[in-house]
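A structural walkthrough
Listed below, chain by chain, are the residues.
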Amino acid sequence: MMDRKRRAAALVVCVGVLAVLSLLAVSFARALGVERDAARSQGLQLEADLTALAGLEFAHAELVRLGAERGWDSIDDPWVLGALSGEVPADPLHPDHTRTYRLRIRDSASMIDLNGPRDVVRLQLVNLGCVLSTNLGRTILAEQVVDALLVERDRVAAFGDRRDLQAAGLLSADDFEAVAGFVTTWGRRDPLTVRATSAYADGTVFRARVQPDLERSPRAPVAVNTAPLEVLASNFGEAEGVWFEADPATPGMSVARRSRVPIETARRLAEEIAAARSVEPFATRDDFESLVDALASRGILDRLQAEVVKRVADPNVVRTGPVGKAGLVAHGCELAFSSGGRFEIDCAARVEAGDGTRLATSRVREVVDLYTDWSDRTFAAFSEGEGSSPDPA
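Okay, so let's go over this structure. Fair warning: this is a prediction, and the values are worked out from it, not measured in the lab. (Residues numbered from 1 in each chain as written. Predicted model: local features only at pLDDT ≥ 70, side-chain atom pairs only at ≥ 80, totals over all residues. Heavy atoms only, no water.)

Considerations on helix α2 (residues 118-136)
Test applied: Helix and strand labels come from DSSP, where a helix needs a run of H or I of at least four residues and a strand needs a run of E of at least two; each type is numbered from the N terminus. Given the number of residues in a helix, its expected span is that number minus one, multiplied by 1.5 Å. Relative accessible area decides the class of each residue, using a 1.4 Å probe on protein chains only: under 20% of the type maximum gives buried, over 50% gives exposed, and in between gives partly exposed.
For α2, which comprises 19 residues, the first-to-last C-alpha distance of 26 Å matches the rise-based estimate of 27 Å (1.5 Å per residue) to within 8%. For α2, the set of buried residues is Val120, Val121, Leu123, Gln124, Leu125, Val126, Asn127, Leu128, Gly129, Val131, Leu132 and Ser133. One or two positions beyond α2, positive phi appears at Gly137, with a value near 75°.

Here we look at the layout of surface pockets
The condition that has to hold: Two kinds of site are reported from a 1 Å grid over the protein atoms alone, namely cavities, where a 1.4 Å probe fits but cannot get out, and pockets, open sets with protein on both sides within 12 Å along at least five of seven lines, and residues are called lining when an atom falls within 4 Å of a point. Grid points are joined across faces, edges and corners, and a volume is the space filled by probe spheres set on the points. In the scheme used here, Gly and all other residues not listed as nonpolar or charged are polar, with Ala, Val, Leu, Ile, Met, Phe, Trp, Tyr, Cys and Pro taken as nonpolar and Asp, Glu, Lys and Arg as charged.
By volume, the second largest pocket is sized at about 530 Å³. Around the second largest pocket sit 22 residues that line it, and Arg106, Arg162, Arg163, Asp346 and Arg365 are the ones nearest its centre. Of all the secondary-structure elements, those providing two or more residues to the lining of the second largest pocket are β2 (98-107), α5 (173-180), β13 (342-352) and β14 (358-369). For the lining of the second largest pocket, the per-class residue count stands at seven nonpolar, three polar and twelve charged.

Some thoughts on the sheet that holds strand β1 (residues 84-88)
Just so we agree on the cut-off: DSSP calls a pair of strands paired once it identifies at least 2 bridges connecting them. For helices, the fitted axis covers only the stretch in contact; all axes are lines through C-alpha atoms, and the angles between them, taken along N-to-C directions, range from 0 to 180 degrees.
The four strands are arranged β1-β2-β13-β14 in an open sheet whose pairing can be described as antiparallel. Lying at the two open borders of the sheet, with one neighbouring strand each, are β1 and β14. Neighbour-to-neighbour, the strand axes of the sheet open up by a mean angle of 20°, direction not taken into account. In the sheet, β13 pairs with β14 via eleven bridges, with the strands oriented antiparallel. Its bridge partner lying in β14, Ile345 is registered against Glu366.

Focus: the pattern of salt bridges
For clarity, the threshold we go by: Salt bridge criterion: a side-chain nitrogen from Lys or Arg within 4 Å of a carboxyl oxygen from Asp or Glu.
Applying the stated criterion across every chain, the model contains 32 salt bridges. Close ionic contact of Arg189 with Asp113 constitutes a salt bridge, the shortest N to O distance being 2.7 Å. Here Arg189 is found in the loop between β4 (183-184) and β5 (194-196), whereas its partner Asp113 is found in strand β3 (residues 112-113), with 76 residues between them in sequence. A relative accessible area of 10% means that Arg189 is categorised as buried. As a salt-bridge pair, Arg195 and Glu215 come within 2.6 Å of each other at their nearest N and O atoms. In this pair, Arg195 is assigned in strand β5 and Glu215 in strand β7 (residues 214-216), connecting sequence segments 20 residues apart.

Concerning the pairing of β2
With burial as the criterion, only one face of β2 is covered, namely that bearing Arg99, Tyr101, Leu103, Ile105 and Asp107; the residues Thr98, Thr100, Arg102, Arg104 and Arg106 on the opposite face remain uncovered. Taken together, the five bridges between β1 and β2 define a ladder with antiparallel strand orientation. Bridge pairing in β2 links Gly86 to Tyr101. In this structure, β2 lies alongside β13, joined through ten bridges in antiparallel fashion. Residue pairing across strands places Tyr101 opposite Ala349, the latter belonging to β13.

Focus: the side chain of Asn115
The test is simple: Any pair of N or O atoms that falls within 3.5 Å is considered a polar contact. Within protein, one atom must be able to donate a hydrogen and the other to accept it, and sequence-neighbouring residues count only if both atoms are side-chain atoms. Contact criterion: two residues are considered in contact whenever any of their non-hydrogen atoms come within 4.5 Å of each other.
Looking at where Asn115 falls in the secondary structure, it is placed in the loop between β3 and α2. In this structure Asn115 comes out as buried when scored by relative accessible area, which is 16%. At 2.9 Å, the side chain of Asn115 and the backbone oxygen of Phe159 are in polar contact. Filtering out sequence-adjacent residues up to four positions away, Asn115 remains in contact with Arg153, Ala158, Phe159, Thr185 and Arg189.

What follows is the structure, given as structure tokens:
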């Protein structure tokens, strides 16, 4: 009897031990499954991340190649409108996986630099608000909003990202989305651009032609071949310049006159620029000035408005017409014919199974300087190989 009880107790103990071991085995198997799934997910995520980086490298190579081939961009360049896409070659370890990326590339020179000189940025943003308000049928970037944004910018020294516009609490989500594609905080500023520190009221009489004083005012140029119509109109709208003519009432005296480019005229100018560059990009300043002269002959601009537009676009101070660079009272930024080498690149990548099931995604954003434009303002500097590079900040 005692042996039976002992054997029965031993059996119960063995069954209990087996049950515990079975539970441990099941738990271990489940843990291994979780670890395997986690490792697989990490592997797929790494695959997607590497695909995104491959897309960035492709963008770098293509942009550098285009920059080396010519000194201007074209609206037909594949990165300007729409998005570039590509596929990474199959991985021998996962031959059934498809790895693709999609790129959105924007050059900083095709947008309004939010950290430029206060008077220039205010004019550009107010103009942009007028253009967008007309396009969308609601008020965007009213003057008081622009002033408040600039106060906030000055408080923090500079905007670090365009999203700071929304973070300031002065733009709704919808208004920010409407504005975001036209502004940047990464403009490459030319340290040699100047502005007049004094101006003359319309009708002021002088014994001699007097030029305003000048000071350095670094500004980021606008790329005429790639900037959207909204940016071009905002850059030239409400530009105003001073010119001088002989005073018919007082021999030997000159009288100051002002000429202004209304925002409506600037919109028409932008449309004409877009139409011309779609046929052939502007390669030189002469190309642009020839268009402006043609618009003046067609009556779209009057003669003095044409001179104001030329002086706004030209970074040189040398006077070549009735309105000099020093005579600009209100103005946007000068024009450039290429990006200057600074780009904002957004790359979205994904990995898919053979049946089209999405396995992993990745997204990478960066601002990159791929090359640098140099400018010479005098023949001496050109001969000596000295020039000025854009502000790296």
